[in-house]
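Descriptive analysis of the structure
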Amino acid sequence: MVGEFAAATASLKTAMDIGKAMLDAKGAYEQADLRLKIAELMGELATARGTLADAEDAARQRDAEIKRLNEALQIKSIIVKDGDAYFDIDADGKPTGEAYCMRCWQADHRLFHLSYPRRMDHPTVCPQCKTQYNFYRTQRHEKKG
Ligand SMILES: [Zn+2]
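Residues numbered from 1 in each chain as written. Predicted model: local features only at pLDDT ≥ 70, side-chain atom pairs only at ≥ 80, totals over all residues. Heavy atoms only, no water.

Within this structure's numbering, the places UniProt gives as "coiled-coil region" (unreviewed entry) are residues 38-72. Taken end to end, residues 38-72 comprises 100% helix and 0% strand; its first and last C-alpha atoms sit 51 Å apart. (UniProt positions renumbered as here; feature names shortened; annotations may be inferred. Helix = DSSP H or I, 4+ residues; strand = E, 2+ residues; numbered from the N terminus.)

This part is about the pairing of strand β1 (residues 79-82). Relative to strand β2 (residues 85-89), β1 is paired through four bridges, and the arrangement is antiparallel. Bridge assignment links Val80 to a residue of β2, and that residue is Phe87. Following β1, the chain reverses through two residues before pairing antiparallel with β2; Gly83 in that reversal takes a positive phi of roughly 65°. (Pairing = 2+ DSSP bridges.)

On to the environment of Met102, then. Tracing the sequence through the fold places Met102 in helix α3 (residues 102-108). For the pair Met102 and Ala10, spaced 92 residues apart in sequence, the C-alpha to C-alpha distance is 45 Å. Excluding anything up to four places from it in sequence, Met102 contacts Lys81, Asp84, Ala85, Tyr86 and Tyr133. (Contact = heavy atoms within 4.5 Å.)

Working reference: metal with six octahedral donors, ideal angles 90 or 180 degrees; metal with four tetrahedral donors, ideal angle 109.5 degrees. Of the protein atoms, only Cys101 (SG), Cys104 (SG), Cys126 (SG) and Cys129 (SG) coordinate the zinc ion, at distances of 2.3 Å. One can describe the site at the zinc ion as tetrahedral: its four donor atoms subtend angles covering 106 to 116° at the metal. Here the donor residues of the zinc ion are spaced in sequence according to C-x2-C-x21-C-x2-C. Of this pair, Cys101 sits in strand β3 (residues 95-101) while Cys126 sits in the loop between β4 (124-125) and β5 (132-133); the two residues are 25 residues apart in sequence, bridging distant segments of the chain. We classify Cys126 as buried; its relative accessible area is 0%. (Donors = N, O, S within 2.8 Å, 3.2 Å for Na, K, Ca; no water. Tetrahedral: all angles 85-135°; square planar, octahedral: opposite > 155°, others 65-115°. Buried < 20%, exposed > 50% of the residue type's maximum accessible area, 1.4 Å probe, protein only.)

What follows concerns the packing of aromatic side chains. Using the criterion set out here, one finds three aromatic pairs in the structure. Ring centres 6.2 Å apart and planes at 80° place the aromatic pair Tyr116 and Phe135 in the edge-to-face group. Of the two residues, Tyr116 sits in the loop between α3 and β4 while Phe135 sits in the segment after β5, which places them 19 residues apart along the sequence. The class for Tyr116 is buried, based on a relative accessible area of 15%. Judged by relative accessible area, Phe135 falls into the buried class, the value being 8%. On the numbers, 5.4 Å between centres and 80° between planes, the contact of Phe135 with Tyr136 is edge-to-face. Aromatic ring contacts, followed pair by pair, group Tyr116, Phe135 and Tyr136 into a single cluster. (Phe/Tyr/Trp six-rings, centres within 6.5 Å; stacked < 30°, edge-to-face > 60°.)

Once that is clear, we can look at the pattern of salt bridges. Pairs may arise between side chains of opposite charge once their charged atoms sit close together. This structure, assessed with the given rule, holds eight salt bridges. Note that Arg137 and Asp84 form a salt bridge whose closest N and O atoms lie 3.0 Å from each other. Remark: Asp84 occurs in the loop between β1 and β2 and Arg137 occurs in the segment after β5; sequence separation between them is 53 residues. In this structure Arg137 comes out as partly exposed when scored by relative accessible area, which is 43%. With a closest N to O distance of 2.8 Å, Arg103 and Asp108 form a salt bridge. (Salt bridge = Lys/Arg side-chain N within 4 Å of Asp/Glu carboxyl O.)

In structure tokens:
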């Protein structure tokens, strides 16, 4: 899809070059109306070119988002929910290490480790979305071995 947009953009660029050559030509296109029409045509082509370039950017962004979501699908098989957080899985399939933000994973499919408080009666906090969690519902799991 991105390639098609790029090709269309290149074609329009060529059409604009042809139109410019017609405007620059001496003698052959002397009629003022004809020049006006060509100028209009070039204006339309320039607009179309800009629109296609925008569409190409949007397609690139969508491709990047698809890639990110595919990666998230891969990650989904190596993390597990426990309490109010997600964790890496150890060799035995048990949660291990520090907690990832539940909200960020469930809403955005992004993993951010929670920030742990000095005191256990204070909440853990996601540095990304600032969601606070009960310390005891997001406790670290000691790594074994
Ligand atoms: Zn978060």
